[in-house]
Amino acid sequence: MLQIEIDNGSGFCFGVTTAIKKAEEELAAGSTLYCLGDIVHNGMECERLRKLGLITINHEEMGHLHHVKVLLRAHGEPPETYELARRNHIEIIDATCPVVLQLQKRIKNQYDTNPQAQIVIFGKKGHAEVLGLVGQTNSQAVVIENFDEVTKLDYTRDIFLYSQTTKSLDEFHRIIAYIQDHISEGATFKSFDTICRSVANRMPNISSFAARHDLILFVCGRKSSNGKVLFNECKRVNPNTRLIEGPDEIDPSWLKNIQTIGICGATSTPKWLMEQCKLYIKQKSEEQKSQ
């Protein structure tokens, strides 16, 4: 008997849930609502909201809008976006995650206090959240994507290290240790653990989940930064892990000689999509039995 389990810890994080709820409330009230960038890194959820009326735009398109409502997603935005909204009389529906908002304020305060220091952000270059963080420093912050890039820092200058909220805690600690070993005498180094625990805590949970199943289906939009980290952890623990965006990517041949299947996902993966995958597997399993 094939057993299928959906990971209880997978699915939208608090920030994404709040952003989607705000969008749904505005749309239900009959408002024309624009969203600056994909509200979540999941194509199927974006399509669901598009059918409800949500219009996704980029920064250039926002520059041509006036007297409208624009939702800012959980990732946050740099100060220039708020200034543009003010100039164009755009009403901002601000769904920036509180964790991200607090991080933006900390970085801005640090930059305003000591603009000559190196503010370093461990994060993905070009990621929406990181762009919002760098914007707090008049674009002066240094972004490092991984441990290998830590060597490019100037160790004779003060370093203040922060992290994108969804990055790996283990790699962040490796970076801290390296900087501590190499900082010059007389230079100051301080690190601030700004990784969201609702995301970081998913790593050990998803590891144990992946270990107890024959096959893992990791449901995730391929743009998701957080999803890549969690998927790689599943793959490390259970090599029989497949990355899919939806049920139509499930190959029925994967189900042969399998007793248990675990379905999990990123902070940008809706629960309804994981349920659809479970239903699809049940249907294919029944078809294989009848053949």
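Residues numbered from 1 in each chain as written. Predicted model: local features only at pLDDT ≥ 70, side-chain atom pairs only at ≥ 80, totals over all residues. Heavy atoms only, no water.

## Focus on the overall build of the protein chain
How we decide: Numbering of helices and strands starts at the N terminus; helices are DSSP runs of H or I of at least 4 residues and strands are runs of E of at least 2. Remark: exposure states derive from per-residue accessible area (1.4 Å probe, protein chains only) relative to the maximum for the residue type, with buried under 20%, exposed over 50%, and partly exposed in between. When checking whether two residues touch, look at their non-hydrogen atoms; a contact exists if any pair is within 4.5 Å. To be clear on the numbers: accessible area is Shrake-Rupley with a 1.4 Å probe, and residue cover counts the displayed protein chains and nothing else. Charge assignment in this entry is limited to Lys and Arg as positive and Asp and Glu as negative, and neither His nor the chain termini are counted. The atoms used to mark charge sites are NZ of Lys, CZ of Arg, CG of Asp and CD of Glu.
The number of helices and strands found in the protein chain is 11 helices and 12 strands. By residue count, 51% of the 291 residues in the protein chain fall in the buried class. Partitioning the intrachain contacts of the protein chain with sequence separation of at least 6 by distance along the chain shows that 71% fall at a separation of at least 24. Here the protein chain displays about 14,100 Å² of accessible surface, and carbon together with sulfur accounts for 49% of that area. Computing the positive centroid from 34 side-chain charges and the negative centroid from 36, the protein chain places the two 3 Å apart.

## Here's the deal with the environment of lysine 235
Take lysine 235: it is sitting in helix α10 (residues 225-237). The partly exposed category is assigned to lysine 235, whose relative accessible area is 37%.

## Things to note about the pattern of salt bridges
Test applied: Whenever a carboxyl oxygen of Asp or Glu lies within 4 Å of a side-chain nitrogen of Lys or Arg, that contact is scored as a salt bridge.
Tallied over the entire structure, the rule returns 15 salt bridges. Salt-bridge contacts for glutamate 83 lead to arginine 87; the nearest nitrogen and oxygen are separated by 4.0 Å. Taken together, the residues span about one helical turn, with glutamate 83 and arginine 87 both in helix α4 (residues 79-87) at a distance of 4 residues. Judged by relative accessible area, which is 32%, glutamate 83 ranks as partly exposed. One salt bridge connects glutamate 149 with lysine 125, and the closest N-O pair in it is separated by 2.7 Å.

## Concerning the packing of helix α1 (residues 14-28) against helix α2 (residues 43-52)
Note the cut-off: A fitted line through C-alpha atoms serves as each axis, taken over the contacting stretch for helices, and the angle formed by two N-to-C directions is quoted from 0 to 180°. An angle below 35 degrees is read as roughly parallel, one above 145 as roughly antiparallel, one from 65 to 115 as roughly perpendicular, and any other as oblique. Less than a right angle of anticlockwise turn of the near helix away from the far helix marks a crossing as left-handed, whereas a clockwise turn marks it as right-handed. Charged means Asp, Glu, Lys or Arg here, nonpolar means Ala, Val, Leu, Ile, Met, Phe, Trp, Tyr, Cys or Pro, and polar covers whatever is left, Gly included.
Viewed as axis vectors pointing N to C, α1 and α2 meet at an angle of 20 degrees, and their least axial separation amounts to 10 Å. In terms of their interaxial angle, α1 and α2 are classed as roughly parallel. The handedness of the crossing between α1 and α2 is left-handed. Residues Ile20, Glu24 and Leu27 of α1 touch α2, and the partners they reach there are Glu45, Arg48, Leu49 and Leu52. Of the residues that constitute the contact of α1 with α2, the class distribution is 4 nonpolar, no polar and 3 charged.

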